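For reference, the chains in residue letters:
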Amino acid sequence: MIVVETQMDGALLEVEMSGHINQDDYTNTLVPAIETALGKVDALRMVVVLGEEFRGFDMGAVWADTQLGLTHWSGFDRLAIVSDVGWITTSIRLTAAFLPCPVQVFEVAEIETARRWIRESLGAVHFQDLGGTGLHVSLMGKLDPTVIKGAEDDLNAEIRARDGLRLLLDLSEFDGWQGLSALGAHFNLIRDHSAIPDRVAVLGDKTWQHMGQRVMRHFLNADTKFFETADIEQAKAWLAEV
């Protein structure tokens, strides 16, 4: 049996699976709930709880689960799996890196932690005015698509408030992206705004961040330069040069 509870105005589903799950459980309960939710929101967060009463899936349910994932591949923003079943937690951890959204596995005793994780923001984008055309943009934590969408709206507002743009891109506290959909959203943001800045200083301490600056210069119509985090004042001075 599958029981679905809708929360956050349809943006979050908590799904409890018990007993032996078959194809009808997916077709009659889970699929309609997901499709109804995706009719209201662009991306869905979901907690799936496989508690003590869970007894496994039949082959019809496995096939239905595969179809569901393929049909709504880009429709999930975040997924939490709550289970003490070894083969399920192991398989999820092995495949999580290939899924288009952030996925985290929790033990049943950690269900409240799972609920907090599914609701919280995993990363942030902060903006600071540097004066004139200068803008300090800090990427922090692991970004998900929702954070990136909000950053796009804020960035457009900052651009409208300036006559030109020089960007200090601060990666010193950036840990990457939560899933392929977040990575895709970030690249789309860069592509859509690639012609706007005329100078970009990239701030960071990690080798991959320096490599990212080298790759970035092929996508931006701007001068780019990498600075160590400790050299932030030098980076600001370079941006301010005439």
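By convention here, each chain's residues receive numbers from 1 onward along its written sequence. Confidence filtering applies because this is a predicted model: local features only for residues at pLDDT of at least 70, side-chain atom pairs given and counted only at 80 or more, and all residues used for totals across whole chains, interfaces and linings. Values reported for side chains reflect all heavy atoms of the structure, with hydrogen atoms and water molecules removed beforehand.

A. Fine view of the confidence of the model for the chain. In the predicted model, the chain carries a mean pLDDT of 83, and the fraction of residues at 70 or more is 90%. Confidence scores here are pLDDT values: one per residue, from the predictor, ranging 0 to 100. A run of DSSP states H or I qualifies as a helix once it reaches four residues; a run of E qualifies as a strand once it reaches two. Both are numbered from the N-terminal end. No element of the chain has a lower mean pLDDT than helix α2 (residues 59–71), which averages 60, and none a higher one than helix α8 (residues 232–240), which averages 94.

B. Structural context of the pairing of strand β8 (residues 166–177). In this sheet, β8 lies alongside strand β7 (residues 134–143) in parallel orientation, the contact comprising nine bridges. Paired with Leu143 across the strands is Trp177, a residue of β8. DSSP calls a pair of strands paired once it identifies at least 2 bridges connecting them. Two elements, β8 and strand β9 (residues 199–204), share five bridges in a ladder whose sense is parallel. Within β9, the position partnered with Leu169 by the bridge is Val202.

C. Quick look at the environment of Val137. Here Val137 lies in strand β7. Relative accessibility decides the category of a residue: with a 1.4 Å probe and only protein chains considered, values under 20% of the type maximum give buried, values over 50% give exposed, and everything between is partly exposed. With a relative accessible area of 7%, Val137 lands in the buried category. Spatially, the C-alpha atom of Val137 lies 6.9 Å from that of Val125, the residues being 12 residues apart in sequence. Here a residue-residue contact requires only that any non-hydrogen atoms of the pair lie within 4.5 Å. Among all residues touching Val137, those that are not within four sequence positions of it are Val125, His126, Phe127, Leu167, Leu168, Leu169 and Asp170.

D. Broad picture of the sheet that holds strand β1 (residues 2–7). One open sheet holds the five strands; their spatial order is β1-β2-β3-β4-β5, and the pairing between them is mixed. If you trace the sheet from one side to the other, it starts and ends with β1 and β5 (103–106), each paired once. The average undirected angle you get between the axes of adjacent strands in this sheet is 15°. Direction of pairing for β1 relative to strand β2 (residues 12–21): antiparallel, over a ladder of six bridges. When the sheet's bridge partners are listed, Ile2 is paired in β2 with Met17. The axes used here are C-alpha line fits, helices contributing only the stretch in contact, and every angle between their N-to-C directions lies in the interval 0 to 180 degrees. Against the sheet, helix α4 (residues 111–119) contacts β1, β2, β3 (44–57), β4 (76–83) and β5, and its axis sits at roughly 175° relative to β4.

E. Structural detail: the sheet that holds β8. Across the sheet, which stays open at both edges, the five strands sit in the order β6-β7-β8-β9-β10 with mixed pairing between neighbours. The open sheet is flanked by β6 (123–131) and β10 (223–228), the only strands paired with a single partner. For this sheet, the mean angle separating the axes of adjacent strands, direction not counted, is 20°. The strands touched by α8 within the sheet are β6, β7, β8, β9 and β10, with β9 carrying the most contacts at an inclination of about 175°.

F. α8, seen in detail. Among all positions in α8, only Ala235, Trp238 and Leu239 are buried. Taken around the axis of α8, the buried residues stretch over an arc of 100°, which confines them to a single face. Those residues of α8 that are exposed and angled more than 90 degrees off the buried face are Glu233 and Ala240. Contacts from the buried residues of α8 go to β6, β8, β9 and β10. The directions considered for the arc run from the helix axis to the C-beta atoms.

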